[in-house]
Amino acid sequence: MNHAIRVHENGGPEKMIWEEVPLPEPKPGEVLIRQKAVGLNYIDVYFRTGLYKAPLPTGIGMEGSGDVEAVGAGVTDLKVGDRVAYAGSIGAYSEARCAPADRVVKIPDGIDYTTAAAMMLQGMTAQFLVKRTYPVKAGETILVHAAAGGVGSILVQWAKAIGATVIGVVSTPEKAAQVKALGADHALLTSENIPARVKEITGGAMLPVVYDSVGKDTFLTSLDCLRPFGLMISYGNASGPVTTDLGVLAGKGSLYVTRPTLNTYTAKREDLVATANDLFDVVLSGKVKINVNQTFPLKDAAKAHIALESRATTGSTVLLP
Ligand code: NDP
């Protein structure tokens with residue numbers, strides 16, 4: 001017996017249907033995973049609404065953890081019984097699912113299934129953002145939008161562990177308190193004049209980098225927080241995709257803009273393993289905590305989507321099969 005959330009047509013949370021589905025058999029190069037926990041990510045909303053396209057009907061969800069129940073032909077480095085986790089393979093909202101073995105990693109002792117499911121996608125994203133897209137250095141001041149969110153909470157802690165001064169931006173005083181508790185030096189509210197506050201905090205120097213997952217609503221504000229030659233990292237669309245013309249960069253100080261994705265940074269197996277290991281190390285060291293602040297039964301994934309889209313979640317959210 002196997003159940004999964006399926007989407008037959010794009011739309012609101014009510015389009016996610018809990019169905020009985022056949023237990024899949026692993027094809028060559030795949031493993032069958034009996035899932036213990038599934039991670040909720042904003043990208044799941046984009047696939048549900050159709051902002052990102054998958055052929056319909058489709059499974060949904062990108063991230064999970066569990067035990068290997070069967071292995072397909074040609075899989076040599078995973079075996080039945082291994083504790084594993086993955087990110088980036090659609091169809092995670094399922095009690096059991098097959099995934100390409102080369103996208104799956106073993107979970108180290110000391111990390112439980114719920115933490116693993118919460119951290120793979122958001123944590124590996126934070127890893128490439130602070131270590132590769134812009135390698136943050138001790139003493140630098142950086143700004144993180146949606147700082148109390150899933151990726152945001154991890155980014156804030158990781159940048160602090162490196163020794164940066166961190167400015168977090170959030171929508172409510174409650175989230176601001178949480179971001180300060182994560183170690184952020186400054187927690188600004190979206191209602192404030194963010195560039196003016198950054199100017200004040202940096203004594204006019206402005207920032208070498210901004211991490212922006214909000215997209216449409218914050219793109220221009222983020223540009224105005226940067227110093228000459230600064231880097232605008234636009235890595236998400238929580239408020240809608242950025243549609244601004246490149247012309248806005250004229251006269252802004254020869255800025256750089258990038259729109260990175262985890263898929264590119266972990267496309268090679270060796271990069272996936274290195275990224276995951278760096279994440280496991282920082283979590284096991286205690287420098288970064290994965291805060292699972294909400295859990296929902298997997299069959300109630302619609303409730304989780306409503307909470308995420310209404311900005312009611314903080315930290316990570318996990319769905320339990
Ligand atoms: P979050 O937990 O950060 O949730 C989204 C947050 O965005 C909200 O809590 C809210 O924080 C903020 N927000 C601002 N405007 C809106 C709006 N109009 N509607 C809803 N939320 C809004 O989600 P995740 O950690 O899962 O993902 C964060 C972002 O990172 C997403 O955009 C996602 O697509 C992106 N991402 C990108 C990846 C990549 O490879 N490029 C990989 C992983 C994630 P507040 O209330 O404080 O403003």
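Residues numbered from 1 in each chain as written. Predicted model: local features only at pLDDT ≥ 70, side-chain atom pairs only at ≥ 80, totals over all residues. Heavy atoms only, no water.

### So, the packing of aromatic side chains
- Taken as a whole, this structure holds 4 aromatic pairs when the rule is applied.
- A centroid spacing of 5.8 Å and a plane angle of 80 degrees characterise the contact between phenylalanine 47 and tyrosine 52, whose relative ring orientation is edge-to-face.
- Residue phenylalanine 47 is classed as buried on the basis of its relative accessible area of 14%.
- Look at tyrosine 52 and you get partly exposed, because its relative accessible area is 26%.
- With centroids separated by 4.2 Å and ring planes inclined at 10 degrees, the aromatic side chains of phenylalanine 128 and tyrosine 265 adopt a geometry described as stacked. With phenylalanine 128 in helix H2 (residues 113-133) and tyrosine 265 in helix H7 (residues 262-265), this pair connects stretches of sequence that are 137 residues apart. Exposure class is identical for phenylalanine 128 and tyrosine 265. Each is buried.
- Aromatic ring contacts, followed pair by pair, group Tyr42, Tyr46, Phe47 and Tyr52 into a single cluster.
- The residue whose ring lies beneath arginine 83 is tyrosine 113, and the NZ or CZ to ring-centre distance is 4.8 Å. (Phe/Tyr/Trp six-rings, centres within 6.5 Å; stacked < 30°, edge-to-face > 60°. Buried < 20%, exposed > 50% of the residue type's maximum accessible area, 1.4 Å probe, protein only. Helix = DSSP H or I, 4+ residues; strand = E, 2+ residues; numbered from the N terminus. Lys NZ or Arg CZ within 6 Å of the ring centre and 35° of its normal.)

### Overview of the domain arrangement of the protein chain
- For the protein chain, the assigned domains are domain 1 (3-121 + 266-320) and domain 2 (138-259).
- Computed over C-alpha atoms only, the centres of domain 1 and domain 2 are separated by 28 Å.
- Each partner contributes to the interface: domain 1 provides 18 residues, whereas domain 2 provides 17 residues.
- With both chains or domains summed, domain 1 and domain 2 bury close to 1,300 Å², and 55% of this area falls on carbon and sulfur atoms.
- On the surface where domain 1 and domain 2 come into contact, there are 0 salt bridges.
- Where domain 1 packs against domain 2, one counts 9 residue pairs in polar contact (both at pLDDT 80 or more).
- Listed by contribution, the elements that provide at least two residues to the side of domain 1 that touches domain 2 are helix H1 (42-49) and helix H8 (269-284).
- Ranked by residue count, the leading element in the side of domain 1 that touches domain 2 is H8, at 3 residues.
- Of the residues assigned to the side of domain 1 that touches domain 2, the class counts are 8 nonpolar, 6 polar and 4 charged. (Domains from an automatic or database assignment. Contact = heavy atoms within 4.5 Å. Buried area = accessible area lost by both parts, 1.4 Å probe. Salt bridge = Lys/Arg side-chain N within 4 Å of Asp/Glu carboxyl O. Polar contact = N/O pair within 3.5 Å; in protein donor to acceptor, adjacent residues only side chain to side chain. Nonpolar A, V, L, I, M, F, W, Y, C, P; charged D, E, K, R; others polar.)

### A short note on the nonpolar core
- Counting 82 residues, the largest nonpolar core has Tyr93, Met120, Leu155 and Tyr211 as the members making the most contacts within it.
- The element that contributes the greatest number of residues to this core is H2, accounting for 12 residues.
- Counting the residues that make up this core, at least three belong to each of domain 1 (3-121 + 266-320) and domain 2 (138-259).
- Within the second largest apolar cluster, 16 residues are counted, among which are Leu143, Leu207, Phe219 and Met232. (Core = buried A, V, L, I, M, F, W, Y, C linked by side-chain atoms within 4.5 Å.)

### What to know about the environment of glutamine 178
- Mapped onto the elements of the fold, glutamine 178 is located in helix H4 (residues 173-181).
- Taking the C-alpha atoms as reference, glutamine 178 lies 20 Å from valine 282; in sequence the two are 104 residues apart.
- Setting aside anything within four residues of it in sequence, one finds glutamine 178 in contact with Asn293 and Thr314.

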